[in-house]
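Geometric and topological summary
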Amino acid sequence: MNQSSLFDAPFPSALKDGLASLSPAWQTLLQQPVLAPVWPALQARLDAELQAGATIYPADPWFALRLLQPEQVRVVILGQDPYHGPGQAHGLAFSVPEGVKPPPSLRNMFKEISRDFGTPPPASGNLQRWAAQGVLLLNTVLTVRHGEAASHRGWGWEAVTDALLQQLAQRQPCAFLLWGSDAQRKRELLRTPSSLVLEAPHPSPLSAHRGFIGCGHFSQVNQWLHAQGLPAIDW
């Protein structure tokens, strides 16, 4: 099975099993009392989708949390919801599996990296290399129905990711990149003295020309990391 088709495997209906497979550190952050009523309702809606024959992406909505531990997070890039086309979403915001053509928003991110550093744009759309350096690529909503963008908004994922963001901001210094109005609504969760919060238009082709291209966020993050005594990200 190639990597692309692997991520189109059936979504696991037992959401709690996916939670149980995360590290104890992430489980602690996700076991906050405020989330107790969220899980049963979210599980019921996902199960109803599957019973109706829907295809849900990605196969593993927790993939971003498997690639690094909470204490390793230095940068958070916040997306909206997963790609809704076959073979694209694999659990990392904006990222696609190796060999898959980068979608337009990711191409604009690469264009800005190239402009910011005066280097050729990255060749691969698989951003696991960023995660290995402490970049958490987190979508606000962690699942989506095939072919229907934003189809799982309002189901409860927002409460889960809000809780994660708030806990991360309180635990350690982090740089948060908020692109577009959806991400920027989270700014109040992140107001801690140690955080760097950068905002810009979304890298979508509909808005990238309004200030995302030219924002310089990638170099600003590296400058901030240097000031914290931390290594820069190789974007």
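Every value quoted in this text rests on a predicted model; they were computed, and no experiment measured them.

**Comments concerning the UniProt feature "domain: Uracil-DNA glycosylase-like" (unreviewed entry) in the chain**
UniProt tags residues 66-225 as "domain: Uracil-DNA glycosylase-like" (unreviewed entry). Along residues 66-225 the backbone is 29% helical and 14% strand, and the end-to-end C-alpha distance reaches 23 Å.

**Structural notes on the packing of helix α4 (residues 38-51) against helix α8 (residues 157-171)**
Following both chains from N to C, one finds α4 and α8 inclined at 135°, their axes separated by 9 Å at the closest point. Between α4 and α8, the angle is such that the two are oblique. Residues V38, W39, L42 and L46 of α4 lie in contact with α8, whose contacting residues are W157, A159 and V160. Counted by class, the contact of α4 with α8 contains 7 nonpolar, no polar and no charged residues.

**As for the sheet that holds strand β3 (residues 135-139)**
The strand order across the open sheet built from 4 strands is β3-β2-β5-β6, with neighbouring strands paired in parallel fashion. For this open sheet the edge positions go to β3 and β6 (196-200), each flanked by a neighbour on one side alone. For this sheet, the mean inter-axis angle between neighbouring strands, taken without regard to orientation, is 20°. Pairing geometry for strand β2 (residues 75-79) and β3, over 5 bridges, is parallel. Residue pairing for β3: V76 is matched across the bridge by L136. Across the sheet, α8 lies against β2, β3 and β5 (175-179), angled at about 155° from β3, the strand it touches most.

Rules used throughout
- Within any chain, residue numbers begin from 1 and follow the written order of that chain's sequence.
- Thresholds applied to this predicted model are a pLDDT of at least 70 for local features of residues and 80 or more for the giving and counting of side-chain atom pairs; totals over whole chains, interfaces and linings are not thresholded and use all residues.
- No hydrogens and no water enter the side-chain calculation; it runs on all heavy atoms of the structure.
- UniProt positions are given in the numbering used here, feature names are shortened, and annotations may be inferred rather than shown by experiment.
- By the criteria applied, helices consist of DSSP H or I runs no shorter than four residues and strands consist of E runs no shorter than two, each listed in order from the N terminus.
- With axes taken as lines fitted to C-alpha atoms, and helix axes fitted only over the stretch in contact, angles between N-to-C directions fall between 0 and 180 degrees.
- Any angle from 65 to 115 degrees is called roughly perpendicular, while one under 35 is roughly parallel, one over 145 is roughly antiparallel, and all others are oblique.
- Here, residues are in contact when the closest pair of their heavy atoms is within 4.5 Å.
- In the scheme used here, Gly and all other residues not listed as nonpolar or charged are polar, with Ala, Val, Leu, Ile, Met, Phe, Trp, Tyr, Cys and Pro taken as nonpolar and Asp, Glu, Lys and Arg as charged.
- When DSSP finds at least two bridges between two strands, those strands are taken to pair.

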